[in-house]
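Structural overview for review
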Amino acid sequence: MSDTHSHRCALPLMLPEDRDERLLLVLLRRMAIHGLHDARAGWMALENYGIGFRKPLVLMRCFLHELASASKRNIRLAPCCAPRMTRDEGLMLAAIDLPSLDVLEALTDAGDVSRVMSAAHALRGELVRAASAP
């Protein structure tokens with residue numbers, strides 16, 4: 001099996017076309033891999049969301065914390081610079097874009113995902129508000 005083919009198997013999904021979704025993916029990757037208080041993630045949030053960066057950043061931390069607490073399995077993440085996404089990263093973005101029990105249960109293999117659902121709804125609402133802010 002060629003090296004290129006094995007990378008496609010490990011990272012089956014294309015990156016999102018939307019700039020904001022790509023930024024969200026990188027922020028989630030950085031905080032999940034380097035810690036919830038990663039300085040680069042904070043700086044990226046400040047650059048993107050301006051002076052209102054704290055609320056989206058805190059809600060992203062909350063979402064990741066609840067996701068990790070509820071999950072019954074390891075969630076696969078690609079490095080921050082990866083040109084594609086894992087299936088789990090696609091599910092994370094889908095869970096934030098349109099939170100649903102089916103997506104969160106598939107991501108965590110857990111039956112009770114109510115806290116993750118609440119965090120996803122709060123994060124989604126804040127991201128929509130931040131995108132519409134002047």
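Every value quoted in this text rests on a predicted model; they were computed, and no experiment measured them.

1. Quick look at the layout of surface pockets
- When its volume is computed, the largest pocket comes out at roughly 410 Å³.
- Lining the largest pocket we find 19 residues, and of these D20, Y49, L127, A130 and A131 sit closest to its centre.
- Of all the secondary-structure elements, those providing two or more residues to the lining of the largest pocket are helix 2 (19-34), helix 3 (39-49), helix 5 (87-97) and helix 7 (114-132).
- Per element, the largest residue contribution to the lining of the largest pocket is six residues, and it comes from helix 7.

2. A few points about helix 4 (residues 54-70)
- For helix 4, with 17 residues, the first-to-last C-alpha span of 24 Å sits near the 24 Å given by 1.5 Å per residue.
- Every buried residue of helix 4 is accounted for by P56, L57, L59, M60, R61, F63, L64, E66, L67 and A70.
- Against the buried residues of helix 4 lie helix 2, helix 3, helix 5, helix 6 (101-108) and helix 7.

3. Re the side chain of R84
- Here R84 is to be found in strand 2 (residues 84-85).
- There is no salt bridge for the buried R84, and the closest opposite charge comes from E89, which lies 9.6 Å off by N-O distance.
- Reaching out from R84, the side chain makes a polar contact with the backbone oxygen of P12 at a distance of 2.9 Å.
- Contacts of R84, omitting those with residues within four sequence positions, involve L11, P12, L13, M14, L15, R29, A78 and E89.

4. Section: unusual backbone geometry
- Residues other than glycine seldom take positive phi values, yet D109 does so here, at roughly 60 degrees.
- Turning to its location among the elements, D109 is positioned in the loop between helix 6 and helix 7.

5. Points about the confidence of the model for the protein
- Per-residue pLDDT for the protein averages 92, and the proportion of residues at 70 or more is 93%.
- Of all the helices and strands in the protein, helix 1 (residues 3-10) carries the lowest mean pLDDT, 55, while helix 5 carries the highest, 97.

6. Considerations on the nonpolar core
- Counting 36 residues, the largest nonpolar core has L28, Y49, M60 and F63 as its most contacted members.
- Not counting residues up to four positions away in its chain, the partners in contact with Y49 are L23, L27, P56, M60, L127 and A130.

7. What to know about the side chain of R61
- In this structure, R61 sits in helix 4.
- In terms of polar contacts, R61 uses its side chain to reach the backbone carbonyl oxygen of L36, at 2.6 Å.
- Among all residues touching R61, those that are not within four sequence positions of it are M31, L36 and H37.

8. Observations regarding the pattern of salt bridges
- Applying the stated criterion across every chain, the model contains 10 salt bridges.
- Of the charged contacts in the structure, one is a salt bridge between D88 and R73, with a shortest N-O distance of 2.6 Å. Of this pair, D88 sits in helix 5 while R73 sits in the loop between helix 4 and strand 2; the two residues are 15 residues apart in sequence, bridging distant segments of the chain.
- Accessibility expressed as a relative area gives 22% for R73, which makes it partly exposed.
- Across the pair E126 and R129 runs a salt bridge whose closest N-O atoms are separated by 2.5 Å. Here R129 and E126 lie together in helix 7, a separation of three residues that amounts to about one turn.
- Among the residues examined, R129 registers a relative accessible area of 42% and is labelled partly exposed.
- Members of the salt-bridge network, linked through shared partners, are R73, R87, D88 and D109.

The rules we used
- Residues numbered from 1 in each chain as written.
- Predicted model: local features only at pLDDT ≥ 70, side-chain atom pairs only at ≥ 80, totals over all residues.
- Heavy atoms only, no water.
- 1 Å grid on protein atoms, 1.4 Å probe; cavity = no way out; pocket = protein on both sides within 12 Å on 5 of 7 lines; lining within 4 Å.
- Points joined across faces, edges and corners; volume = space filled by probe spheres on them.
- Helix = DSSP H or I, 4+ residues; strand = E, 2+ residues; numbered from the N terminus.
- Expected span 1.5 Å × (residues − 1).
- Buried < 20%, exposed > 50% of the residue type's maximum accessible area, 1.4 Å probe, protein only.
- Contact = heavy atoms within 4.5 Å.
- Lys, Arg positive; Asp, Glu negative; His and termini not counted.
- Salt bridge = Lys/Arg side-chain N within 4 Å of Asp/Glu carboxyl O.
- Polar contact = N/O pair within 3.5 Å; in protein donor to acceptor, adjacent residues only side chain to side chain.
- pLDDT = per-residue confidence, 0-100.
- Core = buried A, V, L, I, M, F, W, Y, C linked by side-chain atoms within 4.5 Å.

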